[in-house]
Amino acid sequence: LKQNPTLLFLIHLIEEYFDEWGLYLVHHKRWTGKGNNSDMHKSAGNYLAVQELGNVFPLPESFLQRFSVYFERRQTRRLPYLFSVAKEEYATQQRSDLLPSPVGELETHSLLNESFEKVLRCVENIFEKRPFILGNYPTVADCSLFG
């Protein structure tokens, strides 16, 4: 890589794209419900609280369930700051003077969904031909894509 400055630039460009824009895409898909299983007990908040936290620390089920609700609300309230949407039921739990945009569907909602679909199509085409974004070995670009 050190001998190929163009390839090195491309790696850093891809890494920067996923580091910046990928955050918006992942947060949007996870917390708007579009990327979640429709069963509430399998929501991202519940999974992170019960499955991840509960497996690490032996905490009471009642605490994990309350933490699940808290965590999902906390993350959902952040959606307007990431140009996404917040669920209607969380509207009354937010201070309207702190929101940069209204609760509900925004123009950027479609942009985020379309961008996510484009990324999936692009990487699907790449991974049909090779195991990593730029060849046979992983780079920082691959690490950034996969989080």
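Details of the structure are given in the entry above.
Structure report, in brief.

Calculation rules
- Residues numbered from 1 in each chain as written.
- Predicted model: local features only at pLDDT ≥ 70, side-chain atom pairs only at ≥ 80, totals over all residues.
- Heavy atoms only, no water.
- Helix = DSSP H or I, 4+ residues; strand = E, 2+ residues; numbered from the N terminus.
- Buried < 20%, exposed > 50% of the residue type's maximum accessible area, 1.4 Å probe, protein only.
- Contact = heavy atoms within 4.5 Å.
- Patch = residues over 30% accessible without salt bridge, like charges linked within 9 Å, V, L, I, M, F, W, Y side chains within 5 Å.
- Areas by Shrake-Rupley, 256 points an atom, 1.4 Å probe, with all protein chains shown as cover.
- Salt bridge = Lys/Arg side-chain N within 4 Å of Asp/Glu carboxyl O.
- Axes fitted to C-alpha atoms, helices over the stretch in contact; angles between N-to-C directions.
- Parallel < 35°, antiparallel > 145°, perpendicular 65-115°, else oblique.
- Left-handed = near helix turned anticlockwise from the far one by under 90°.
- Nonpolar A, V, L, I, M, F, W, Y, C, P; charged D, E, K, R; others polar.

### Here we look at the overall build of the protein chain
Item 1. For the protein chain, the count of helices and strands is 5 helices and 0 strands.
Item 2. In the protein chain, the order of α-helices and β-strands from amino to carboxyl end is α-α-α-α-α.
Item 3. For the protein chain, the proportion of its 147 residues judged to be buried stands at 34%.
Item 4. Residue pairs in contact within the protein chain that sit at least 24 positions apart in sequence constitute 47% of those at least 6 positions apart.

### Overview of a nonpolar patch on the surface
Item 1. A grouping of Val56, Phe57, Leu59 and Phe63 is seen on the molecular surface, where their side chains present a nonpolar patch of about 350 Å² in accessible area.
Item 2. Locating valine 56 in the fold gives a position in helix α2 (residues 44–56).
Item 3. The exposed category is assigned to valine 56, whose relative accessible area is 57%.

### A short note on the side chain of asparagine 113
Item 1. On the secondary structure map, asparagine 113 appears in helix α4 (residues 107–129).
Item 2. In contact with asparagine 113, other than residues within four places in its own chain, are His28 and Lys29.

### Re the packing of α2 against helix α3 (residues 61–77)
Item 1. Look at α2 against α3: their axes get within 7 Å of each other, and the N-to-C directions meet at 135°. In terms of orientation, α2 lies oblique with respect to α3. The two elements α2 and α3 cross, and the hand of that crossing is right-handed. Counting all contacts with α2, which are made through Gly45, Asn46, Leu48, Ala49, Val50, Leu53 and Gly54, the residues of α3 involved are Phe63, Leu64, Gln65, Phe67, Ser68, Phe71 and Glu72.
Item 2. Classifying every residue of the contact of α2 with α3 by side-chain character gives 8 nonpolar, 5 polar and 1 charged.

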